[in-house]
Amino acid sequence: MPDPSFYAQQAAQQAQQQARQAHQQAVRAHQQAVQDAVRRGHRPPPAPVHPGRRGRAGGLVPFLLLVVVVVVLARDAALRDSVLGSLHHLLTKVLHR
């Protein structure tokens with residue numbers, strides 16, 4: 001009997017392939033819409049959203065990085081004091097320009 005992670009890996013690969021196909025279909029549809037708009041003399045529609053760029057703030061990786069930094073700062077008092085002191089010094093310089 002195969003390892004359960006084998007099934008998970010296959011499912012992930014299949015999902016990734018389906019996502020690529022959906023993205024390619026969206027790109028083709030957008031290109032067709034642009035061509036139709038140009039042919040009719042209209043302004044073309046805006047470009048579709050790219051995968052992985054789902055907003056202004058970022059995604060999962062920056063969020064996890066922020067969580068790790070907060071946890072490390074919460075556990076280490078000396079590091080926390082040093083970081084807060086540096087931030088206070090920087091803020092003071094910016095405000096008193």
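Computed from a predicted structure; not experimentally measured.

Q: Tell me about the overall build of the chain, residues and numbers included.
A: Within the chain, the secondary structure is distributed over 3 helices and 0 strands. In the chain, the succession of helices and strands from N to C terminus is α-α-α. Considering the chain as a whole, with its 97 residues, one finds that 3% of them fall into the buried category. About 9,000 Å² of surface is accessible on the chain, with carbon and sulfur atoms providing 61% of the total.

Q: Break down a nonpolar patch on the surface for me, citing the residues and quoting the values.
A: A cluster of nonpolar side chains, contributed by Leu60, Phe63, Leu64, Val67 and Val71, occupies part of the molecular surface with about 460 Å² of accessible area. Residue placement: Val67 occurs in helix H2 (residues 60-75). Taking relative accessible area as the criterion, Val67 reaches 35% and is therefore assigned partly exposed.

Q: I'd like a description of helix H3 (residues 77-95), backed by residues and values.
A: When the terminal C-alpha atoms of H3 are compared, their 26 Å separation across 19 residues agrees well with the 27 Å that a helix rising 1.5 Å per residue should span. Measuring from the side-chain oxygen of the N-cap residue of H3 to the backbone nitrogen of Ala78 gives 3.3 Å; that N-cap residue is Asp76.

Q: Give me the lowdown on the packing of H2 against H3, citing residues and values where you can.
A: Where H2 contacts H3, the axes come no closer than 5 Å and their chain directions differ by 115 degrees. As far as their axial angle goes, H3 and H2 are roughly perpendicular. Across from Val72, Leu73, Ala74 and Arg75 in H2, the residues of H3 making contact are Ala77, Leu79, Arg80 and Val83.

How each quantity is defined
- The numbers attached to residues start from 1 for each chain and follow its sequence in the written order.
- Since the coordinates come from a predicted model, pLDDT governs what is reported: local features require at least 70, and pairs of side-chain atoms require 80 or more to be given and counted, while whole-chain, interface and lining totals use all residues.
- Only hydrogens and water are removed before side-chain values are computed, so all heavy atoms of the structure are retained for them.
- Segments assigned H or I by DSSP are reported as helices when at least four residues long, segments assigned E as strands when at least two residues long, and all are numbered from the N terminus.
- Relative accessible area decides the class of each residue, using a 1.4 Å probe on protein chains only: under 20% of the type maximum gives buried, over 50% gives exposed, and in between gives partly exposed.
- Only the protein chains shown count as cover for residues, with accessible areas throughout obtained via the Shrake-Rupley method and a probe of 1.4 Å.
- Each patch is assembled from residues with relative accessible area greater than 30% and no salt bridge, linking like charges that lie within 9 Å and nonpolar side chains (Val, Leu, Ile, Met, Phe, Trp, Tyr) that lie within 5 Å.
- Salt bridge, as used here, is a side-chain nitrogen of Lys or Arg placed within 4 Å of a carboxyl oxygen of Asp or Glu.
- The span expected for a helix works out to 1.5 Å for each residue beyond the first.
- Any pair of nitrogen or oxygen atoms within 3.5 Å is treated as a polar contact; in protein, a donor-acceptor pairing is required on top of that, and neighbouring residues in sequence qualify only through side-chain atoms on both sides.
- Each axis is a line fitted through C-alpha atoms, taken for helices only over the stretch in contact, and angles between the N-to-C directions span 0 to 180 degrees.
- Put simply, angles under 35 degrees are roughly parallel, angles over 145 are roughly antiparallel, angles from 65 to 115 are roughly perpendicular, and the rest are oblique.
- Note on definitions: a residue-residue contact is assigned when non-hydrogen atoms from the two residues lie within 4.5 Å.

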